[in-house]
Amino acid sequence: MRRRHLLGSLLLTPVLTACFASGGSEGSDPGGDADGSRLRVALAFPPAENLSPYGADATLLSRLGVTEGLTALDANGAAASALAESWRRENDRTWLFTLREATFQDGSEVTPAAVAAALTHATEAKPAPAALSGVTLTAKAQRAAVRITTTNPDPVLPLRLSSPSLAVLSPKAYKDGADPVGTATGPFELTKVNGSTSAALDRFDDYWGGRAQASGIDARFIADGTARANAVRTGQVDIAESIPVAQAATLDQATLKETATTRTTSLQLNTRSGPFKDPKLRAAAREAVDSSAVVKGVFEGYADPGAGIYGPAVTWAEGKRVQPTGRASAAKPNGTAVTIATYDNRPELPEVAQVLQQQLQKAGFKVTLEVREYSRLESDALDGKFDAFIGARNSLVDTGDPVGVLASDYTCDGGYNLARLCDKRVDRAVAEADAVADTDERQGAAMRAEAAILGTDAVVPLAHQGIIVGVATDVRGVLLDPYERTLVGTGTRR
C-alpha cells in the first residue's frame, strides 16, 4: 500500500472509561453552531433492506451518525462507552451494563426497559444480525442498567454490542420491523428517505454527546464511483466515500484522504452447489488466481496482495498466521462453466472480476460475469445462485472481534455465508476460538480457524484495501475509520 497507517493492537479487554469512538470527536463543540451549515454527503451504497439496522444498511446508519449501541470501538479496536457508560462481568455468562442519561430522537428517555426490548428485537430478527451469529442472549432491565446473559460464555460481549446491527432504537421503532426514522440516539436524526436516491437528516439537539456543529446532512446514494468523484470535484458534495483508485489522480491532492482498513477483497466459491461443490475444482481456481496482478493492475498500489481473511491493517495477524493444511489436489477444469458475480458500487470490483475471468479462463474454466448494483445482488448471492462471488468485506466491522467474521461468514449457521460453507472442522475451530477469553490466545485461535477455512478453498483472498475519501478543503472533522463504521460526527463541519 502506498501509505500504510497500521492500527495498534486490537485489544479485546473492555474499557470502562474510554472515549466514545464516533460521538464527540475532533473539533467537537458541545454548544454547537447556532445555525451550522448542512453537510452534503455522497454514499456508495443505497439502502438494500429499507434501512433495517439488522443487515447491510446498519453501517450506512452508523456512518451518517444516526444510530449507536451500548458500546462503540475506539481507535485501537477496544470496546468504548456509548449508551452504556460502564460495564462489568458478573460471571462467565452474565454482564451488567450501566446506562448513561440519554434521549431518543422521538423525545423519550433511553431506559433499561427500552434497551432490553431493542436487544430482544435484534435476537428475533430474521436473518439474525451478523454480530449475533452463533450467539444467543437475553437482556433484562435492572435499575439504571441492563443485565445481559448469554447461553454460552461470551468473553467479548462488549465488543459484540458495538456492532452497528445492534443499534438501540426507541420502542416506537418496532411497530413494524425496525424503523430508524426519528427513533435512534445519534447526533443526526433521519427525517426523510427518498427510496434509494437520497435521505435527509437534521441535527438532534438533545444528543448526549453534545450538539453537532453541522445543522444536518443531505445524503445522496451514488453507486457509480466516477460520479462520486465528479461530485467532489465540482463542489456538489462535501464528502464522498470510496473514491475509485482510477479517479484519485483526477482530484486535487488536498481533497483526498486515505486510510488503511481491515477490508479484504475475496473470491468466495459456492461450496454447496454447482461446480465448486467439488473441492478439487476450488483448488484449481485458487491456484489459477494471481493476487499480485490484481493489486498492481486494479488497485494501483492502494492495496496489498491477499494473505488471508485478515490483512496487514490487523497488525497482530501476520505474526500469528498458520499455514492451511488438508487442501484438495487441483483437478483440470476442462472447460467447466462458472458464473462469477460482483457489484459495481465499488468500481474496482468489476475490474477485479475481469482480471480473474482472464486468469481462470487461462486455467481452463469457461467464465461468465454477472455485475449488478449491490442491493440487487445480495439476496441472490446469499441464496447460492452464483458459482462464485467477488466482494469486499471489512473483517472487523460486525463486532470488532476477529472471531466474529469467521462465525458469520464461514460456519454452517453463519448469517453472511456467501461461500455457503458447512464444514465440521471449520465450525469446531471457530467454536474453539470463540471460547477463548485471553486476548493473545484468542488471536492465535482465530488464526488457526482462518487456516481451517482457507484449507477448504471456499475463499481466495485477493487484496487488502485502503480507502480513499473525497473531502472538500473547507470540511473538518471527518471520521476516517479503519472499521468503516463512522464518517460524520458531532465535530464534522464546513
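Scope of this entry: the structure provided in the associated data block.

The rules we used
Residues numbered from 1 in each chain as written. Predicted model: local features only at pLDDT ≥ 70, side-chain atom pairs only at ≥ 80, totals over all residues. Heavy atoms only, no water. Pairing = 2+ DSSP bridges. Helix = DSSP H or I, 4+ residues; strand = E, 2+ residues; numbered from the N terminus. Axes fitted to C-alpha atoms, helices over the stretch in contact; angles between N-to-C directions. Disulfide = S-S within 2.5 Å. Parallel < 35°, antiparallel > 145°, perpendicular 65-115°, else oblique. Contact = heavy atoms within 4.5 Å. Nonpolar A, V, L, I, M, F, W, Y, C, P; charged D, E, K, R; others polar. Phe/Tyr/Trp six-rings, centres within 6.5 Å; stacked < 30°, edge-to-face > 60°. Buried < 20%, exposed > 50% of the residue type's maximum accessible area, 1.4 Å probe, protein only. Core = buried A, V, L, I, M, F, W, Y, C linked by side-chain atoms within 4.5 Å. Polar contact = N/O pair within 3.5 Å; in protein donor to acceptor, adjacent residues only side chain to side chain. Expected span 1.5 Å × (residues − 1). Salt bridge = Lys/Arg side-chain N within 4 Å of Asp/Glu carboxyl O.

### A closer look at the sheet that holds strand β6 (residues 137-142)
So, step 1. The antiparallel open sheet is built from four strands, whose spatial order is β4-β5-β7-β6. Each edge of the sheet is formed by a strand with only one pairing partner; in this case those strands are β4 (84-91) and β6. For this sheet the average axis-to-axis angle between neighbouring strands, irrespective of direction, equals 20°.
So, step 2. By the bridge criterion, five bridges tie strand β5 (residues 94-99) to strand β7 (residues 145-150) in an arrangement that is antiparallel. Across the sheet, Leu96 pairs through a bridge with Arg147, a residue of β7.

### Topic: the state of the cysteines
One covalent bond between the sulfur atoms of two cysteine residues makes up a disulfide.
So, step 1. Tallying each qualifying case throughout the model produces one disulfide.
So, step 2. Two residues share a disulfide in this structure: Cys412 and Cys422, whose sulfurs sit 2.0 Å from each other. On the S-S bond that ties Cys412 to Cys422, the torsion sits near 95°, and the link is right-handed. You can see Cys412 sitting in the loop between α11 (402-410) and α12 (424-434) and its partner Cys422 sitting in the loop between α11 and α12, a full ten residues away along the chain.

### Points about the packing of α12 against helix α13 (residues 439-455)
Helix packing for two helices is described by the angle between their axes and how far apart those axes are.
So, step 1. Where α12 meets α13, the axes come as close as 8 Å, and the angle between the chain directions of the two elements is 170°. In terms of axis orientation, α12 runs roughly antiparallel to α13. In this structure, α12 uses Arg425, Val426, Ala429, Val430, Ala433 and Asp434 to contact α13, whose residues at the interface are Arg442, Ala445, Ala446, Ala449, Ala452 and Ile453.
So, step 2. A per-class count over the contact of α12 with α13 returns nine nonpolar, no polar and three charged.

### Points about the packing of aromatic side chains
So, step 1. Using the criterion set out here, one finds nine aromatic pairs in the structure.
So, step 2. Here the aromatic rings of Tyr207 and Trp208 are separated by 5.2 Å at their centres, their planes lie at 50°, and the arrangement is tilted.
So, step 3. Taking relative accessible area as the criterion, Tyr207 reaches 4% and is therefore assigned buried.
So, step 4. Taking the relative accessible area as the measure of exposure, Trp208 reaches 23% and is therefore partly exposed.
So, step 5. Site record: aromatic cluster; members linked through ring pairs are Phe45, Tyr343, Tyr374 and Phe389.

### Thoughts on the nonpolar core
So, step 1. The biggest cluster of nonpolar side chains holds 91 residues, and the ones touching the most others in it are Leu70, Phe97, Ile148 and Ile217.
So, step 2. The contact partners of Ile217, leaving out residues within four places of it in the chain, are Arg38, Leu39, Val41, Leu64, Phe188, Ala199, Ala200, Leu201 and Val488.
So, step 3. Listed in part, the 37 residues of the second largest apolar core include Leu267, Val289, Tyr343 and Ala388.

### Looking at the side chain of Gln105
So, step 1. Within the element layout of this structure, Gln105 appears in the loop between β5 and α2 (112-124).
So, step 2. One polar contact links the side chain of Gln105 to the main-chain carbonyl oxygen of Gly186, over a distance of 3.1 Å.
So, step 3. Setting aside residues up to four positions removed in sequence, Gln105 forms contacts with Val66, Pro180, Gly182, Thr183, Ala184, Thr185, Gly186, Phe188, Glu189, Leu190 and Phe204.

### A short note on α13
So, step 1. Compared with the 24 Å implied by 1.5 Å per residue over 17 residues, the 24 Å span of α13 between its first and last C-alpha is a close match.
So, step 2. For α13, a buried count of 14 out of 17 residues is recorded, marking the element as mostly surrounded by other parts of the structure.
So, step 3. The N-cap of α13, judged by a side-chain oxygen 3.2 Å from the amide nitrogen of Asp440 a few residues on, is Asp438.
So, step 4. One or two positions beyond α13, positive phi appears at Asp457, with a value near 60°.

### Comments concerning the pattern of salt bridges
So, step 1. On inspection of all chains with the given rule, the structure shows 26 salt bridges.
So, step 2. Here Arg100 and Glu85 are joined by a salt bridge, their closest N and O atoms 3.8 Å apart. Of the two residues, Arg100 is situated in the loop between β5 and α2 and Glu85 in strand β4; the sequence distance between them amounts to 15 residues.
So, step 3. On the accessibility criterion, Glu85 (41% relative accessible area) is partly exposed.

Any functional reading would require information beyond the geometric quantities listed.
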